[in-house]
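Residue-level structural notes
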Amino acid sequence: MFSKPLAAAALGAAALLVALTGCSGSGDAAGSAPGTAPSADDIKICVYTHGDGGTFWSVVKKGAEDAAASYGVSLDYQGSTNDSSRQASTIEAGISGGCDAIAASAPDPGAITDAMQHAADEGIPTVTVNSGSDEFAALGAFTHVGQDEIVAGREAGTEFTEIGATKVLCVVHEAANSGLLDRCSGAAETFDGELIELNADQALADLTAAEAKVRAALEADPDIDGVFSVSADVATGSVLPAIAAVGRNIDVGTVDLSADALAAISADEIAFAIDQQQYAQGHLTVELLYLAAHDAIELGGGLPMYTGPALVTTDNIDAVQASVDAGTR
């Protein structure tokens with residue numbers, strides 16, 4: 001559950017960001033006089049993720065765009081659809097293309113290390129976003145914006161214990177994404193029963209094939225009474241149909257939100273979702289980079305700035321749905 005200390009820290013950080021936007025620092029940038037802060041319209045902020053532009057990443061992008069509009073800065077937002085080499089090339093192109101600050105997600109940190117270190121060598125402030133909470137410092141970033149995936153997994157494990165599950169199947173849809181594996185590992189730490197992983201690599205590209213894998217696992221082990229899908233789209237597109245096919249009463253938890261997942265929670269088909277609040281990820285990332293480029297202010301104290309986990313159940317689904325409808329969650 002989204003703890004009171006974590007919520008207070010997030011609110012405090014947001015308030016500090018608002019207050020600081022009225023300050024001028026001593027950072028220099030191209031086109032600005034030495035010892036003066038650059039004009040906002042001279043600042044180019046670049047956000048380069050591994051995202052695919054789907055239901056999750058479109059909300060991250062909206063958060064980034066809204067923040068850029070608020071500060072009057074130029075934004076270059078690009079996803080690489082899980083192509084790490086393409087993401088590294090995009091970062092390199094951004095460095096030569098005049099990015100004043102860069103954010104990158106890091107599901108495969110080794111693939112973008114050289115590019116991120118190049119940015120640091122050029123004096124370009126960087127942060128990691130969404131994935132990379134354990135690797136941001138090694139990548140030269142001053143903070144990370146997102147959720148700790150181990151912590152998110154622990155929340156799921158606790159919830160499965162509370163709802164009475166005894167054996168949980170954890171469905172991983174990107175085998176090379178260390179953050180997704182961390183979600184399963186975290187769940188195993190706090191879950192009182194047994195958790196087993198299922199490799200459903202490329203599930204988002206073929207939900208029907210993923211459904212067949214989940215169904216086969218459920219048919220092979222009748223003791224499985226819970227499924228943890230680390231993707232909302234896989235939960236609704238593969239897991240729920242597989243459960244319907246085997247005809248068993250199985251509790252389902254997922255990570256992230258979608259229209260279908262929200263409807264499934266309302267209908268008691270999904271017990272809970274772990275929300276990392278991706279709109280905040282996009283918005284806060286641009287805010288942090290703006291302050292770094294405009295005022296030479298680097299927030300976070302060398303630690304990650306968490307946007308989750310927040311637990312979504314039938315208890316708060318109406319309030320969450322209102323935020324989703326507004327495009328801010």
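Reference entry: report on the structure contained in this document. (Residues numbered from 1 in each chain as written. Predicted model: local features only at pLDDT ≥ 70, side-chain atom pairs only at ≥ 80, totals over all residues. Heavy atoms only, no water.)

Structural notes on the pattern of salt bridges
Under the definition given, this model contains 7 salt bridges. The closest approach of N and O atoms between Lys167 and Asp221, which form a salt bridge, is 2.4 Å. Residue Lys167 is found in strand β6 (residues 167-172), and its partner Asp221 is found in the loop between α7 (207-220) and β8 (226-229); the two are separated by 54 residues along the sequence. An identical accessibility class is assigned to Lys167 and Asp221; each is buried. Of the charged contacts, one joins Asp275 and Arg329 as a salt bridge, the two residues approaching to 2.4 Å between their closest N and O atoms. Remark: Arg329 occurs in the segment after α11 (317-325) and Asp275 occurs in strand β10 (residues 272-275); sequence separation between them is 54 residues. A residue is classified by how much of its surface remains accessible, and Arg329, at 17% relative accessible area, is buried. (Salt bridge = Lys/Arg side-chain N within 4 Å of Asp/Glu carboxyl O. Helix = DSSP H or I, 4+ residues; strand = E, 2+ residues; numbered from the N terminus. Buried < 20%, exposed > 50% of the residue type's maximum accessible area, 1.4 Å probe, protein only.)

As for the state of the cysteines
The final tally for this structure, using the stated rule, is 2 disulfides. There is a disulfide in this structure between Cys46 and Cys99, and the S-S distance comes to 2.0 Å. In this structure, the disulfide formed by Cys46 and Cys99 twists by about -95° around the S-S bond and is classed as left-handed. With Cys46 in strand β1 (residues 44-49) and Cys99 in the loop between α3 (84-96) and β3 (101-104), the pair connects residues that are 53 residues apart, well separated along the chain. (Disulfide = S-S within 2.5 Å.)

Quick word on empty space enclosed by the protein
Taken as a whole and assessed by the stated rule, the structure comprises 1 cavity of 30 Å³ or more. In this structure, the largest cavity encloses a volume near 30 Å³. Among the elements of the structure, β1, β2 (74-79) and α3 are those that each provide at least two residues to the lining of the largest cavity. No other element matches α3, which puts 3 residues into the lining of the largest cavity. Considering only residue class, the lining of the largest cavity consists of 1 nonpolar, 6 polar and 1 charged. (1 Å grid on protein atoms, 1.4 Å probe; cavity = no way out; pocket = protein on both sides within 12 Å on 5 of 7 lines; lining within 4 Å. Points joined across faces, edges and corners; volume = space filled by probe spheres on them. Nonpolar A, V, L, I, M, F, W, Y, C, P; charged D, E, K, R; others polar.)

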